[in-house]
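An overview of the molecular structure
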Amino acid sequence: MAAPLTLLLIVAVTIRAVLFRSSLAELIPERVEVVSPLNAWKRVVEGLALLDLGVSPYAGDVFHETPLIIYFFHFVIDYAEIVFMVMGCVFLLQFRKQKYALEAERYPLDCLELIRTPKEMYYIPLKVAMFYLLNPFTILSCVAKSTCGLNNAVIALFILCTVKGSSLMSAIFLALATYQSIYPLTLFAPALLYLLQRLYIPVNWQRSSFWLFTTQYTFMYLGSLCVMVCLSFFLLSSWDFLSSVYGFILSVPDLTPNIGLFWYFFAEMFEHFRLFFICVFQINVFFYTIPLSIKLKEHPIFLIFMQIAIISIFKSYPTVGDIALYMAFLPAWNHLYRFLRNIFLVSVVLLACSALFPVLWHLWIYAGSANSNFYYAITLLFNVAQILLVSDYFYAYLRREHHLTHGLYLKRKDGSEATLVLK
Amino acid sequence: MAAHRCNIFMLVFVLCGLTYVFVRADIEDTNHVKDAESVAVDIAPKANIGASLRSTKTEDQTQAAEEERQWEATEVKEADRVPDTMQTPDVPPLTPAKDQFQEELVIRPLHSGDIYASFQFRTMWDTDFLRGSKVSHYRLFPKSLGQVISKFSVRELHISFTQGYWRTMQWGQPFLPSPPGAELWVWFQDTVTDVDGAWKELTNVLSGIFCASLNFIDSTNTVQPSASFKPLGLGNVTDQRFLRYAVLPREIVCTENLTPWKKLLPCGSKAGLAVLMKSEKLFHSSFHSQALHFRPVCQDWKCKSTVWELRQTLNVVFDLHTSGQGKREWSLFKMFSRTVTEACPLASSSKVYVDVTDNPQGELFELSPTTPLLSQAVVLGDRRTYSVYDLTNQATFGQTRSLNMLLRWRAAESGDMLRPLLHGERYVAGYGLQTGEIHTLMYNNHPYRAFPVLLLDTVPWYLRLYIHTLTVTSKGRDNKPSYIHYQPSKDRLRPHLLEMLVQLPPNSVTEVTMQFERALLKWTEYTPDPNHGFYVGSSVISALVPSVVAMDTNSTRECPLFSSFFPCKEESSYFMRVYTEPLLVNLPTPDFSMPYNVICLTCTVVAVGYGSLYNLLTRTFQVEEPSPGLAKRLANIIRRLRGVPLL
């Protein structure tokens, strides 16, 4: 196990090092699919330059990172390349541990076909690491030095700590992820559910132990979030960063094209409906937490996957780095492949869109022979494909659960083979 | 009417008195021996008192030069006006308001063959609106402007409307530079508490007065430069909180701006030099710029009290070379299709100057009618000689009762023009609609002296500048600015402001580059015809430039020995402002025709996401039981009614 992992690590680092030294290293950070106004490396450098000039980085509308990030990079600016590689490796570590979590998913049922063999389980961390480290999306994001890699690493550490059952570290990393970009707030519910499950505390409103632990975890989470925000305040001695980071994420003033749904929608929006639709679109991201937590309260790890996927589809400034994060989970659900309905179509659409993004961008921005609608059409298709992918996995997961309880080969009353339908 | 005439008499009297005082002062002040019979005053005058009292380095030396010139003219005038003074009937000197009006026109043949005509009208306003006293009596000063200025507690106001771009390399330096479009900068009194509110109202009022789009000035194009725009008048308020500066590079200047501007003159366009301003001629030109400058100045040379000065200028460059079938000759009538017949009766001085520096012996061109009056002045660091026509003197008009100067070139080629010492250019580099780079080039053409310049750049927020990409290079080497003031933009709120102090090495080009990113705007934020592009105002280069006179080590020129060894301090450098070209930048545009489609399509995708998740969340898996056919169901209903077992 250690040998293939090391090999993988070496390959991944080599690819990145080669790309950093190639001519692509100037081209990739300009791609709108790879970097967004939130996490572009160019903007981090700009923030540092402003800080050196004695101007608050939040005085302008170019820098939108959190104060901790800017001070972090203030110290490691010379080693930025290494930092981004390390962040990739941290991700790898995480899934080494995740196998234990999956082993717990044994069902005392006779559907042997559905239960993964220990051998399969053994290779899952390697596959996950491979999916993340060798994913072209991750590589692009790393070569562009997008701080999205940092956020992914923080979320990975959060998942690792949660899976290991360390509630304090889990709360701290969750707070850090929330502090970086509000959306991971929705991961609070799955983390809490998982930790409760680990401590064998049933989710029961009457039980005091449930309330005790929930309060404890909430307190740890809010406490560390509060510490981080206050620390930021003392670093810059102003609250400007709140509106410049969180206000920027929530009110979407920057309409630079990206792979998400927000930019063209709000560029073309009628002014008096703008606020309404911003509220609708932002609530849309957070809203799914409640029904999903109820439906998947027994399966918090899958809930984490669903939440991360929904965030990366519906967030205001998505990049390919966010997509790479939830795609890294896909090998962990390899037991669902037999229930997926349109995986072929979806993967073809995703691949085609990824190739068409640069082509249509070139036609619009450089050649002038296309207009914005072309690029917009591709973002729509790309997002539809992502939605289909996620809902397909959700469907497959629910279906597998059904089969685990009712047996794999269902029969009708008259003995003929039955088909399952959603009703 | 009688009162009016009385006023004029008083004015004449006061004027003569002042003239006398000025001359006395000059005699006491200079120790140069004046040749009584020589009308050509050859001595470079001492620094003007008002100018020397103003201490700041960034003084407008042009202004100083103007006053010098006028000063000499006063001297010249003194020779033939003294008898008049004696004959003036004694009017009781009870003039509490010492308002004054002067007008002049300078004509300079340019080396490119074009003609540069510069009108200047100066109205002095002796009032004290600051101490709350309401001014209700206006004599020469325009009431519409006076009320506005006192209402908003304006200390200095500079406004210019320009059509066309001043080609420095072909035409040399203008007397008063201005950027293409409209420029407005105002210093408020330090008693103003809500400067932004006053600025907003003031721009709207001025927009009404000048029929211009100044109401488009808002926070997205207003800046507060920290060093480039110091007050030009008295007072050492340098707190930039009271300064507002805005440029509208898109503004188109035309007749509707000229008419209200002319109405501010005491004589309107009825008499005096303003008669020449016929709009169809003025706007059929290569360059047109009209400006208005209001500022406090000294009332007398001791500067015990201040008086408000309103200076209205109008600069035109006529392209007579191409329109005149290649013949190089011009006359007032050809340029303006009018001639001067009288001075403005309210003006204390009214003169026409023609630049004859290149033609000392009359070998290059011939100027008629000839005038015996010559004047010499140091303008923009260069010593120029002018023929002076005094319009207050009836003899100027001759028998025809009208003055129509005519200049006929003898030589086909004029001499080489001295290259302007400072010159700026600007352009956008890069391709595509995603990023770009602004290049600003600053030329120092001085052969051996380096001098610092102050560069001011105002860039709208939709071009997102990256300050870390700023490079300043001269002669292939990095040239680190000694002072940088950068204010980043806020989206839809505030533009970028960049001010730098850069040392320009001698005989070099300094290049300032900076990368920017083009933003995609909301569809309602684009101007009409968005694919035309967006204008970015000129950058402003302000500098103290070493004087050409001081540079002149050429000893062949004939001048008195006592004046030529040490170049005197006042002449060694002069203040200059250079405006670069405005930029036209294209931004990516959305498709303006499909807001409904976009809203529908995006909402559909969100609904697909919501719908599929909702579907999976609310339903459960069930084994599908085939539903019975329609006939069977109908049969079953009948059977149930009949009480027979179902099928």
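The structure this text deals with has already been given above.
Predicted model, so just to flag it, every value in this text is computed and none were measured.

Section: the overall build of chain A
Helix and strand content of chain A: 19 helices and one strand. Per-residue burial for chain A yields a buried fraction of 61% across its 423 residues. Within chain A, contacts between residues at least 6 apart in sequence are counted, and of these 75% link residues at least 24 apart. Of the roughly 17,200 Å² that chain A leaves accessible, carbon and sulfur atoms contribute 70%.

Topic: the interface of chain B and chain A
Between chain B and chain A, the residue contacts involve 54 residues of the former and 69 residues of the latter. Each partner contributes to the roughly 6,000 Å² buried at the junction of chain B and chain A, and carbon and sulfur atoms together form 65% of this total. Per-residue buried area on chain B facing chain A is highest for Gln434, Leu616 and Phe621 of chain B; these three make up 14% of the total on that side. Across the chain B-chain A interface, the total number found is three salt bridges. Note that Asp254 of chain A and Arg464 of chain B form a salt bridge whose closest N and O atoms lie 3.6 Å from each other. For the pair chain B and chain A, the number of links is 23 residue pairs in polar contact (both at pLDDT 80 or more). Every element with two or more residues in the side of chain B that touches chain A is listed here: β18 (463–474), β20 (483–487), β22 (508–518), α13 (595–618) and β27 (621–623) of chain B. By residue number, the principal contributor to the side of chain B that touches chain A is α13 of chain B, which donates 16 residues.

Overview of the packing of aromatic side chains
In this structure the tally under the stated criterion is 69 aromatic pairs over all chains. Look at Trp166 of chain B and Phe287 of chain B: their rings are 5.2 Å apart centre to centre, the planes differ by 80°, and that puts the pair in the edge-to-face class. Of this pair, Trp166 of chain B sits in the loop between β3 (154–163) and α5 (168–171) while Phe287 of chain B is found in strand β7 (residues 287–298), placing the two residues 121 residues apart along the sequence. Residue Trp166 of chain B is classed as buried on the basis of its relative accessible area of 6%. Accessibility expressed as a relative area gives 3% for Phe287 of chain B, which makes it buried. Over the ring of Tyr395 of chain A we find Arg341 of chain A; its NZ or CZ atom is 3.7 Å from the centre of that ring. Over the ring of Phe175 of chain B we find Arg108 of chain B, and its NZ or CZ is 5.3 Å from the ring centre.

What about a nonpolar patch on the surface?
Residue and element names in this part refer to chain A. Together, Leu7, Val11, Ile15, Met130 and Leu134 give the surface a local cluster of nonpolar side chains, amounting to about 390 Å² of exposed area. It is helix α1 (residues 2–21) that provides the largest number of residues to the nonpolar patch, a total of three residues. Along the polypeptide, Val11 turns up in helix α1. Residue class for Val11 comes out partly exposed when judged on its relative accessible area of 38%.

Brief notes about the environment of Met124 of chain B
All names here are of chain B. Here Met124 is to be found in strand β2 (residues 115–125). Judged by relative accessible area, Met124 falls into the buried class, the value being 9%. With 173 residues separating them along the chain, Met124 and Val297 place their C-alpha atoms 9.0 Å apart.

A short note on the state of the cysteines
Taken as a whole, this structure holds two disulfides over all chains when the rule is applied. Each sulfur in the disulfide pair Cys267 of chain B and Cys344 of chain B lies 1.6 Å from the other. Across the S-S bond linking Cys267 of chain B and Cys344 of chain B, the dihedral sits near 60°, which makes this disulfide right-handed. Pair noted here: Cys267 of chain B is in the loop between α7 (255–263) and α8 (279–282) and Cys344 of chain B is in the loop between α10 (332–336) and β10 (349–355), with a separation of 77 residues, a long-range link. Exposure remark for Cys344 of chain B: the relative accessible area of 2% places this residue in the buried category. Here Cys298 of chain B is linked by a disulfide to Cys303 of chain B, with a sulfur-sulfur distance of 1.8 Å. Because the torsion about its S-S bond is -70°, the bridge between Cys298 of chain B and Cys303 of chain B counts as left-handed. Residue Cys298 of chain B is classed as buried on the basis of its relative accessible area of 12%. With its bonded cysteines labelled in order along the sequence, chain B shows the pairing 1-4, 2-3. The thiol of Cys148 of chain A is not disulfide-bonded; the next cysteine sulfur, from Cys142 of chain A, is found 11 Å away.

Re helix α18 (residues 343–367) of chain A
Residues and elements named next belong to chain A. For α18, which comprises 25 residues, the first-to-last C-alpha distance of 34 Å matches the rise-based estimate of 36 Å (1.5 Å per residue) to within 8%. If you look at α18, its biggest bend is around 30°, right at Leu356, and the proline Pro358 turns up within four residues after that. In this fold, the buried residues of α18 make contact with α13 (262–267), α17 (320–327) and α19 (372–406). Of the residues flanking the end of α18, it is Gly368, one or two places downstream, whose phi is positive at about 75°.

Basis of the calculations
Residues numbered from 1 in each chain as written. Chains lettered and ligands numbered in written order. Predicted model: local features only at pLDDT ≥ 70, side-chain atom pairs only at ≥ 80, totals over all residues. Heavy atoms only, no water. Helix = DSSP H or I, 4+ residues; strand = E, 2+ residues; numbered from the N terminus. Buried < 20%, exposed > 50% of the residue type's maximum accessible area, 1.4 Å probe, protein only. Contact = heavy atoms within 4.5 Å. Areas by Shrake-Rupley, 256 points an atom, 1.4 Å probe, with all protein chains shown as cover. Buried area = accessible area lost by both parts, 1.4 Å probe. Salt bridge = Lys/Arg side-chain N within 4 Å of Asp/Glu carboxyl O. Polar contact = N/O pair within 3.5 Å; in protein donor to acceptor, adjacent residues only side chain to side chain. Phe/Tyr/Trp six-rings, centres within 6.5 Å; stacked < 30°, edge-to-face > 60°. Lys NZ or Arg CZ within 6 Å of the ring centre and 35° of its normal. Patch = residues over 30% accessible without salt bridge, like charges linked within 9 Å, V, L, I, M, F, W, Y side chains within 5 Å. Disulfide = S-S within 2.5 Å. Expected span 1.5 Å × (residues − 1). Bend = angle between axes of the 7 residues up to and from the residue.

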